[in-house]
Amino acid sequence: MGASPPPVEHCRGIEQPLFALTFDDGPSDWTDEILDRLAVTGARATFFVIGSSIKGPAREETLRRILAEGGEIGNHTYLHLALAGMRAEDVRDELLRTSTEVERVTGVPPRYWRAPYLRSTPAATTAAVQLDLREVRASLVAADYAWSSDETARFVFDRLEAGDIVCLHDGRPPFEPEAMSPPTRRETVLAVEKILREAARRKLRAVTVTELLAGVPTESDARS
């Protein structure tokens, strides 16, 4: 297998008024609430899921709902461990286990991955190439897990341009220390509603990473 495409961080400069809305650390109790908000405006998003968080019928149904409603699922490793110092084979196992779980539940393997804490390593790059996963970073990374919905929305509003990849968080890593962030992502849910409202006012459409890379709306977008 040859080298993978370079990591994608944004697509600024595209002609279409699109941006990618992405979420890390799910699936969780808040993922479906975010999907509800997306559905109201016809927006779509990419969800980078933690493999070990895919537990039970409810979480599996959430993954299937993401795809059924036009979203896509990315790989955010199995345990959300910092990759620094990990051997390539251990990183590969983290990615493989998550891709296997996603495909088992949905029938569709992930095409993209995102490193925990957005910190990749050469070993991780090697592992991702072996699994045909392209790395996705972000041009706008909000601390929505710690901010109010107004703070998150303002952070995005003040910086958002066509072609941006926005990173928010719909879940909580399973082994994250309690003091690291609040136990809820309720503020993120509220922020999504505000971001989508403002995006619509600016005539910007939230799409998946795949759609952003393509640079054009889908056929259903053209009819809307």
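Predicted, not measured: the structure shown is a model, and the values here were computed from it. (Residues numbered from 1 in each chain as written. Predicted model: local features only at pLDDT ≥ 70, side-chain atom pairs only at ≥ 80, totals over all residues. Heavy atoms only, no water.)

Take the confidence of the model for the protein chain next. Confidence in the prediction for the protein chain averages 93 pLDDT; 94% of positions are at 70 or higher. Here residues 218-224 is modelled with pLDDT under 50, and outside its nearest four sequence neighbours on either side it reaches 6 contacts, counting other chains as well. (pLDDT = per-residue confidence, 0-100. Contact = heavy atoms within 4.5 Å.)

In terms of nonpolar packing, the biggest core is built from 32 residues, with F19, L21, F23, L38, F47, V166 and L168 touching the most fellow members. Secondary structure elements with two or more residues in this core: β1 (18-26), α1 (31-41), β2 (46-49), α2 (56-68), α3 (88-106), α5 (149-159), β7 (165-169) and α6 (186-201). Among the elements that make up this core, the one with the highest residue count is α6 (5 residues). Not counting the four nearest positions on each side in its chain, V166 is found in contact with F19, A20, L21, T22, L140, V156 and L160. With 13 residues, the next largest nonpolar core counts C11, L18, Y112 and V209 among its residues. (Core = buried A, V, L, I, M, F, W, Y, C linked by side-chain atoms within 4.5 Å. Buried < 20%, exposed > 50% of the residue type's maximum accessible area, 1.4 Å probe, protein only. Helix = DSSP H or I, 4+ residues; strand = E, 2+ residues; numbered from the N terminus.)

This part takes up unusual backbone geometry. At the junction of G26 and P27, the peptide bond is cis and its omega measures out at 0 degrees in the coordinates. Mapped onto the fold, P27 is located in the loop between β1 and α1. In this structure, H80 takes a positive phi of about 60 degrees despite not being glycine. Position of H80 relative to the elements: it lies in the loop between β3 (72-75) and α3.

Now for α3. Between its first and last C-alpha atoms α3 spans 27 Å; for 19 residues at 1.5 Å apiece the expected length is 27 Å, and the two agree. Every buried residue of α3 is accounted for by V91, E94, L95, T98, S99, E101, V102, V105 and T106. Relative to the axis of α3, the buried residues are bounded by an arc of 160 degrees and lie together on one face. Structurally, α3 contributes buried residues whose contacts are with β2, α2, β3, β4 (112-113) and α4 (122-130). (Expected span 1.5 Å × (residues − 1). Arc of directions from axis to C-beta.)

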